[in-house]
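Summary of structural features
Next come the chains, spelled out residue by residue.
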Amino acid sequence: MKRRLPPLKWLLSFEMSARHLSFTRAAVELSLTQAAISQQVKALESHLGVVLFKRLPNGLELTEAAQAYLPVVRDSIKRLEVATDEIFGHGDNPPLKIRVNLVFFTKWLAPRLHRFRETYPEVSLSFSSNIWVDDKIEEVDMDIRYGHGNWPGFKSDRLTWDALIPVCSPCLLDPDDEPLNMLTVFKTHTLLHVMGYEEGWGHWFNKVGLNNIHLVQSIQFDTLISALEMAEQGHGFALGRTSLVENSIASGKLIAPFEQQVITDEAFHLTVPLEHYHPSMECFSSWLIGEVEVRNK
């Protein structure tokens, strides 16, 4: 029969006593009496069938068994502490739970997030992706989603004003071939489609007057971040949103070889359920809107 695990309070008393090599100091830190700590350690020793401490006139000394057992106990307690904080929050300051479109987080929010952390170091954040979830939002405090901004039951703030532009890796096109013929380029290169966007390649072609184009090669994705990554790797053309590809263009990972741009009606929005409250909602919302205003100046 497997040995039953000892109670957590015994393990806490053992770990604290081992840390201080003193039952008295362990008792002070755990808000118990010295006698209670001593009794719990004795109970643990009896349960394990080994002596964990040598009781000396001037304090305690770990036995070999205790030295072997302590790292495991200490690691287990630490992992419990971390998991409890991550899952259940930090007492009176639970983390602000934000569900966010993955491409917006990666290309737009992540490069700016350090400024929020510097301004509000006391605010804990918890991010989750909205790729595989439905429209329910009860489990999160805020949601950054893509669309027209009209979601019943939610307050919505628009975050982006984009234009659609074809982008590709600089290795895909020879800059010496200019001027480029759009019709020829799109007939001879792979187009990277993203499912779920109303304003996709078909929309862009219609707006720029290429509505009768017949495409030979294409790959479909369920996320824009995948299509943009494939474009950076030289696998074809992705239809970028200006706010999401500006850093990649500036760094030379992507190029926008054509001047034609199509203004989007869809956009990223910060949405909050009506009559919902979290103590950190206002500071995150104000910071995010401020970042949008700075970019658009």
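Presented here is an overview of the structure given in this document. What you see is a predicted model, and the numbers here were worked out from it, not measured in a lab.

**Focus on the sheet that holds strand 8 (residues 191–194)**
Here 5 strands make up an open sheet; going across it, the order is 9-8-10-7-11 and the pairing mixed. Strands with a single pairing partner mark the edges of an open sheet, and in this sheet they are strand 9 (218–221) and strand 11 (262–263). Two strands pair when backbone bridges link them, and strand 7 (residues 163–167) and strand 10 (residues 237–241) are joined in this way by 4 bridges, in the antiparallel orientation. The partner of P166 across the bridge, within strand 10, is L239. Contacting strand 7, strand 8, strand 9 and strand 10, helix 9 (residues 224–232) runs over the sheet at an angle of about 125 degrees to strand 10.

**Looking at the pattern of salt bridges**
The full count for this structure, using the stated rule, is 13 salt bridges. Among the salt bridges present, the one from E61 reaches K54, with a minimum N-O distance of 3.6 Å. Take E61: its relative accessible area is 35%, and that puts it in the partly exposed class. Two residues, D157 and K155, come together in a salt bridge whose shortest N-O distance is 2.7 Å. The class for D157 is partly exposed, based on a relative accessible area of 23%. Three or more residues are tied together by salt bridges with common partners; here these are E15, R19, E29 and R74.

Here is what the cut-offs are and how they apply
Residues numbered from 1 in each chain as written. Predicted model: local features only at pLDDT ≥ 70, side-chain atom pairs only at ≥ 80, totals over all residues. Heavy atoms only, no water. Pairing = 2+ DSSP bridges. Helix = DSSP H or I, 4+ residues; strand = E, 2+ residues; numbered from the N terminus. Contact = heavy atoms within 4.5 Å. Axes fitted to C-alpha atoms, helices over the stretch in contact; angles between N-to-C directions. Salt bridge = Lys/Arg side-chain N within 4 Å of Asp/Glu carboxyl O. Buried < 20%, exposed > 50% of the residue type's maximum accessible area, 1.4 Å probe, protein only.

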